[in-house]
Amino acid sequence: MPKFDRWTLLFSVNSFAAAMLALYIGFALGLPRPYWAMTTAYIVSQPLAGAVRSKAVYRLLGTLLGAAAAVAMVPNLVNAPVLLCLAMALWVGGCLTVSLLDRTPRSYILMLAGYTAAIIGFPSVNQPGGIFEVAVSRVIEIGLGILCATLVHSLVFPRPVGTVLRQRLAAWLGEADRWALDVLKGQGADALVRDRRHLAAAASEIHLLAVHLPFDTSRLRETTGAVRAFHDRMLLLIPLLSGLADRMEALKDVSDAVVREALDAVAAWIEAGAPREPGLALVERLDALAGARRDADWSGLLIESLLVRLSEAVRALGEAHALMVRLCDPDAPLSPALEAAAATAGRRKLHADLPLALLSGGAAVIAILLSCAAWIGLGWGDGAAAPVMGAVFCCFFAAMDDPVPAIKNFGLFSLLSLPLAALYMFAVLPAIDGFPLLLAVMAPPLVFLGLYIPNPKTMGAALAVIMGFANAMALQESFSADFASFLNGNLGQFVGLLAAIMVTAGLRSMGADASARRLLGRTWTGLARLARANAAPEPTAFAGVLVDRLGLLTPKLAETGSRGDLVGVDALRDLRVGMNLVAVQAARPDLARASLDAALDGVGERFAALAAGRTPPPDADLLTRLDAALRDVAGATSDAQVQGVTGLVGLRRNLFPDAPAPNLVMEPA
């Protein structure tokens, strides 16, 4: 039994109030389907006020776009049922495909545009001349639900996005501090794994939460740029701290007194709260130490690499702390460099899978066409609900690896809502009269179910029961109860449910292991391209995509356990390899060595083979190429060249962690 706090209770009461307000206004305006407004109010409701407003905007835009599509298609194709079904299915599938390429809440616009066209269009085929009036009515009903939900959740004890986001950001920064201290103090592997999982898992969640920030009413909305700049620093800290842990492991107990003193100074700085001025002094000290340790042997290169990574981590961590001060106090000053970074910081790109999105869109097209075939072939008068629900089910759960269990679960709870709806329709509602009594009898089930919406684990089931309950009763201004119509009207949704399950199970579903291989393949393909590229990408943007994949991949690898070819896969190692490749590619024009080109080609060949499911080239050859490149560049002196050398050291450490130290002495010709 989940625990309910006051915010959960307030959310449920607010959602019920918004739904009843929408229903009452719908009755007063004489709308044909006022219960749509009630259902929409529940769908739009979110625990955070800013999320309600952003979802309201996206839902309204999607509704308008979907209504326009239905108005354009139905009158022109109503005399060609096959073409109309095909056009509607392609519209839904196309909108779903594009929406899946944007994993932020903005994707709601196109997903909703897809199935809204089906909701409006299919039931209107018998009266194509009235499609415009139907579309207008649906937009008004949905818009009314959106407006009521937005007003109630914004005015009655709103819970700002900014408050929750600030707490998450502070916790995220605390995790980064803890990870850095664990690395510097030589904590065990278990602690480091825990730290990195927490930090990576929060990255995508915070990014998605920050999308709602421009719609918030808290003062944190004024610092949207600072939030994005903070997010950038934290994205870079994940590979930096991971690389730092690798160097510490390679060096074991650092015996150099000067370096050990520097490590202790950084740990003391973090424990003191990472103040800005001492942090800048630490960066200068570490850079000077790195410049003084340019020995052309493997131990010297490891120490130099350790100091370079430590300097970068101190800089990123110090800037993150300074930005956190701004987030806690929007009037707090920032350095000119950080002000510029906050002003120019943009939204980061997330992982997108076009082939999988196309497959999901194709599954929706086929499910809708199968539902249409049953509807038309059986001459089923009320069968329009089948393709409508086929579209809805395929769209709702398309982002999951295996949507079938979720679709079945939604269908099961929708089915469970029918006895409750029948009880109300044939026993409760005939015994009451007037809206106050309707309000009183609707409150117990809806307020109870609303308590489960804020919890992601129970949200789907609660919404399924609420939507099934509201749509099955189909509350209108004049009440009528016909059991045959009740059964026939609700049968269609289960035909659509069956079509969605069959097609999705056969075409689209995949297990955690298949999904993990797919993500790994995309990562390895990207690393192969980067190794063979002629220029380096922007580090933060590249890290953003890889960290997002890391957050998606980590729970899948944990679920697969030790099955098959996923044994020993380390997604964080791939992230470190990627960031080292970025550093090497950035310094490549300054280094300009044939041996370096050969080494990068070898890295590209290795990851291209992994991505294609082939056995990689012999490790000995790649190790020889990397060692030859290191011998040629080990004497680099400029800062740009040192970054490249550090990246090359990182590549060797990550690809061959157990290899013996290389001989970097140039052999006489």
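Predicted model only: the values in this text are computed from it and were never measured.

Criteria and cut-off values
Residues numbered from 1 in each chain as written. Predicted model: local features only at pLDDT ≥ 70, side-chain atom pairs only at ≥ 80, totals over all residues. Heavy atoms only, no water. Helix = DSSP H or I, 4+ residues; strand = E, 2+ residues; numbered from the N terminus. Buried < 20%, exposed > 50% of the residue type's maximum accessible area, 1.4 Å probe, protein only. Contact = heavy atoms within 4.5 Å. Areas by Shrake-Rupley, 256 points an atom, 1.4 Å probe, with all protein chains shown as cover. Polar contact = N/O pair within 3.5 Å; in protein donor to acceptor, adjacent residues only side chain to side chain. Axes fitted to C-alpha atoms, helices over the stretch in contact; angles between N-to-C directions. Parallel < 35°, antiparallel > 145°, perpendicular 65-115°, else oblique. Left-handed = near helix turned anticlockwise from the far one by under 90°. Core = buried A, V, L, I, M, F, W, Y, C linked by side-chain atoms within 4.5 Å. Nonpolar A, V, L, I, M, F, W, Y, C, P; charged D, E, K, R; others polar. Patch = residues over 30% accessible without salt bridge, like charges linked within 9 Å, V, L, I, M, F, W, Y side chains within 5 Å. Salt bridge = Lys/Arg side-chain N within 4 Å of Asp/Glu carboxyl O. Phe/Tyr/Trp six-rings, centres within 6.5 Å; stacked < 30°, edge-to-face > 60°. Lys NZ or Arg CZ within 6 Å of the ring centre and 35° of its normal.

(A) Molecular detail of the overall build of the chain. A count of helices and strands for the chain gives 25 helices and 0 strands. Burial status across the chain gives 54% buried among its 669 residues. Partitioning the intrachain contacts of the chain with sequence separation of at least 6 by distance along the chain shows that 79% fall at a separation of at least 24. Only carbon and sulfur atoms are counted for the fraction: they give 62% of the accessible area of the chain, which is about 27,600 Å².

(B) Looking closely at the side chain of Ser 595. Here Ser 595 is to be found in helix 23 (residues 594-611). On the accessibility criterion, Ser 595 (15% relative accessible area) is buried. Within the local environment of Ser 595, its side chain forms a polar contact with the side chain of Asp 632, the two groups lying 2.5 Å apart. Not counting residues up to four positions away in its chain, the partners in contact with Ser 595 are Arg 625, Ala 628, Ala 629 and Asp 632.

(C) A look at the environment of Pro 616. By secondary structure assignment, the location of Pro 616 is in the loop between helix 23 and helix 24 (619-633). Taking the C-alpha atoms as reference, Pro 616 lies 5.0 Å from Arg 606; in sequence the two are 10 residues apart. Setting aside residues no more than four positions away along its own chain, Pro 616 makes contact with Arg 606, Ala 609 and Leu 610.

(D) Molecular detail of the packing of helix 9 (residues 224-251) against helix 12 (residues 298-328). Interaxial distance between helix 9 and helix 12 falls to 8 Å at its minimum, and their mutual angle equals 150 degrees. Between helix 9 and helix 12, the interaxial angle falls into the category roughly antiparallel. Helix-helix and strand crossings are classified by hand; for helix 9 and helix 12 the assignment is left-handed.

(E) Here's a closer look at the nonpolar core. Of all hydrophobic cores here, the largest spans 106 residues; its most connected members are Leu 169, Phe 230, Leu 581 and Leu 648. When residues of this core are assigned to their parent elements, the largest contribution, 17 residues, is made by helix 12. Ignoring anything within four residues of it in the chain, the contact list for Leu 581 reads Leu 527, Leu 530, Ala 531, Leu 600, Val 603 and Leu 651. Counting 98 residues, the second largest nonpolar core, distinct from the first, contains Trp 380, Ala 391, Met 467 and Phe 469.

(F) Representation of the side chain of Gln 585. Mapped onto the fold, Gln 585 is located in helix 22 (residues 571-591). A distance of 3.2 Å separates the side chain of Gln 585 from the backbone oxygen of Ala 533, its partner in a polar contact. Among all residues touching Gln 585, those that are not within four sequence positions of it are Leu 530, Ala 531, Arg 532, Ala 533, Ala 535, Ala 536 and Leu 600.

(G) Structural view of the packing of helix 7 (residues 161-184) against helix 9. Where helix 7 meets helix 9, the axes come as close as 10 Å, and the angle between the chain directions of the two elements is 20 degrees. Here helix 9 runs roughly parallel to helix 7, going by the angle between their axes. Between helix 7 and helix 9 the crossing geometry is left-handed. From helix 7, Leu 165, Leu 169, Trp 172, Leu 173, Ala 176, Trp 179, Ala 180, Val 183 and Leu 184 reach across to helix 9, where they touch Val 227, Phe 230, His 231, Met 234, Leu 237, Ile 238, Leu 241, Ser 242, Leu 244, Ala 245 and Met 248. Within the contact of helix 7 with helix 9, the residues separate by chemical class into 18 nonpolar, 2 polar and no charged.

(H) Up close: a nonpolar patch on the surface. Together, Leu 147, Leu 151, Leu 155, Val 156 and Phe 157 make up a nonpolar patch on the protein surface, roughly 520 Å² of accessible area in all. Along the chain, the position of Leu 147 falls in helix 6 (residues 131-155). A residue is classified by how much of its surface remains accessible, and Leu 147, at 48% relative accessible area, is partly exposed.

(I) Inspection of the packing of aromatic side chains at higher detail. Inspection of the entire model under this criterion finds 11 aromatic pairs. Relative to Phe 410, the ring of Phe 393 has its centre 5.6 Å away and its plane inclined at 75 degrees; by these criteria the two rings are edge-to-face. Placement of the pair is Phe 393 in helix 15 (residues 385-396) and Phe 410 in helix 16 (residues 403-428), with a sequence separation of 17 residues. Counting every residue linked through ring pairs, the aromatic cluster contains Tyr 115, Phe 393, Phe 396, Phe 397 and Phe 410. In this structure, Arg 138 packs its charged tip against the face of Trp 36, placed 5.0 Å from the ring centre.

(J) Geometry of the pattern of salt bridges. Per the counting criterion, the structure on display carries 19 salt bridges. A salt bridge links Arg 247 to Asp 246, with the nearest nitrogen and oxygen atoms 2.9 Å apart. Look at Asp 246 and you get buried, because its relative accessible area is 10%. Residue Arg 625 pairs with Asp 621 through a salt bridge whose shortest N-O separation is 3.1 Å. Placement of both Arg 625 and Asp 621 in helix 24 is noted, with a separation of 4 residues, approximately one turn of the helix. On the accessibility criterion, Asp 621 (35% relative accessible area) is partly exposed. One network of salt bridges, in which partners are shared, links Asp 246, Arg 247 and Arg 653.

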